[in-house]
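Secondary and tertiary structure notes
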Amino acid sequence: MKMDEISMSSLDNSKLEGVAQDILSDLVEDACLGLCFEVHRAVKQGYFFLEDTDQETMRDFEIVDQPGVDVFGQVYNQWKNKECVCPNCSRSIAASRFAPHLEKCLGMGRNSSRIANRRIVTGNNTNNKSESDQEDNDDVNDNDWSYGAEKKESKLTQEIQII
Amino acid sequence: MSKDSKMRATINQKLTEMGERERLKELLRSKLTECGWRDQLKAHCKDVIKEKGLEHVTVEDLVVEITPKGRVLVPDSVKKELLQRIRAFLAQHAT
């Protein structure tokens, strides 16, 4: 190796070493800033001094291990046997059946329109008041719908006859 | 001079693009946690917070107090290990 080649490579090396040191410096600074942000957030959110809570207060927050109760000590099947009054039909419905009932009662939800359509068709032919799912309100609606449907149907049959 | 800064820019770009910067960050973080650097600085943070008051302490306060101390407290062994990896990366990708 020639003299100038050696000095050239050592120059490069010292440059590269400088770059390496700078990269390290950046990384360390990054780590410091990261810590600062973490600490600051912990302070502002109120959990920075959490581990310094005194022993007595800590006992209040221990995990609860009793039957019928969740880890926070709350009763979790409290609403199993409660009943709610439907704001639409004023009937008393079991809590666990309340959401589906309300869906059908208000005519919202996926199947309500299907059921309503089905009733239009069957309510027309047989006009049966004994519905399988006991929603008395719908019978009133049925009459309106079936009247309209009746009219339509006769019109349709008339047309067919003409043709 | 600009050739230098160009080289540096290229190296930094490569470092990021190849995911090496992220890996180095993670390595540094875990090493610093292992050796207790984080806990040391956190304790120092507590002092700063108690001094400035919990409600009033700002990010700036922490950065000013913590960063210089943080730089100094990095153990030599950790510095050495990081530098080794950086040099290896440079040897492979800088020339």
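Please refer to the structure placed before this passage.
These notes cover the structure that comes with them. Here the structure is a predicted model, which is why all the values come from computation and not from measurement.

With that settled, the discussion passes to the overall build of chain B. Across its full length, chain B holds five helices and zero strands. Going from N to C terminus, chain B has its helices and strands arranged as α-α-α-α-α. Buried residues in chain B amount to 35% of all 95 residues. In the structure as shown, chain B presents an accessible area of about 6100 Å², 52% of it carried by carbon and sulfur atoms.

A word on the nonpolar core. Soluble globular proteins: nonpolar side chains tend toward being buried together. By size, the foremost hydrophobic cluster in this structure holds 37 residues, and its most contacted members are Val39 of chain A together with Leu28, Leu62, Leu82 and Ile86 of chain B. Secondary-structure elements contributing two or more residues to this core are α1 (3-45) of chain A together with α1 (2-17), α2 (20-34), α3 (37-52), α4 (59-73) and α5 (76-93) of chain B. Ranked by residue count, the leading element in this core is α1 of chain A, at 14 residues.

Attention now goes to the packing of α1 of chain B against α2 of chain B. What describes two packed helices is the angle between their axes and the distance between those same axes. Residue and element names in this part refer to chain B. At their nearest, the axes of α1 and α2 sit 4 Å apart, and the two run at 75° to each other. The angle between α1 and α2 falls in the class roughly perpendicular. Each of Asn12, Leu15 and Thr16 in α1 lies in contact with α2, whose residues at this interface are Glu20, Arg21 and Leu24.

Rules used throughout
Residues numbered from 1 in each chain as written. Chains lettered and ligands numbered in written order. Predicted model: local features only at pLDDT ≥ 70, side-chain atom pairs only at ≥ 80, totals over all residues. Heavy atoms only, no water. Helix = DSSP H or I, 4+ residues; strand = E, 2+ residues; numbered from the N terminus. Buried < 20%, exposed > 50% of the residue type's maximum accessible area, 1.4 Å probe, protein only. Areas by Shrake-Rupley, 256 points an atom, 1.4 Å probe, with all protein chains shown as cover. Core = buried A, V, L, I, M, F, W, Y, C linked by side-chain atoms within 4.5 Å. Axes fitted to C-alpha atoms, helices over the stretch in contact; angles between N-to-C directions. Parallel < 35°, antiparallel > 145°, perpendicular 65-115°, else oblique. Contact = heavy atoms within 4.5 Å.

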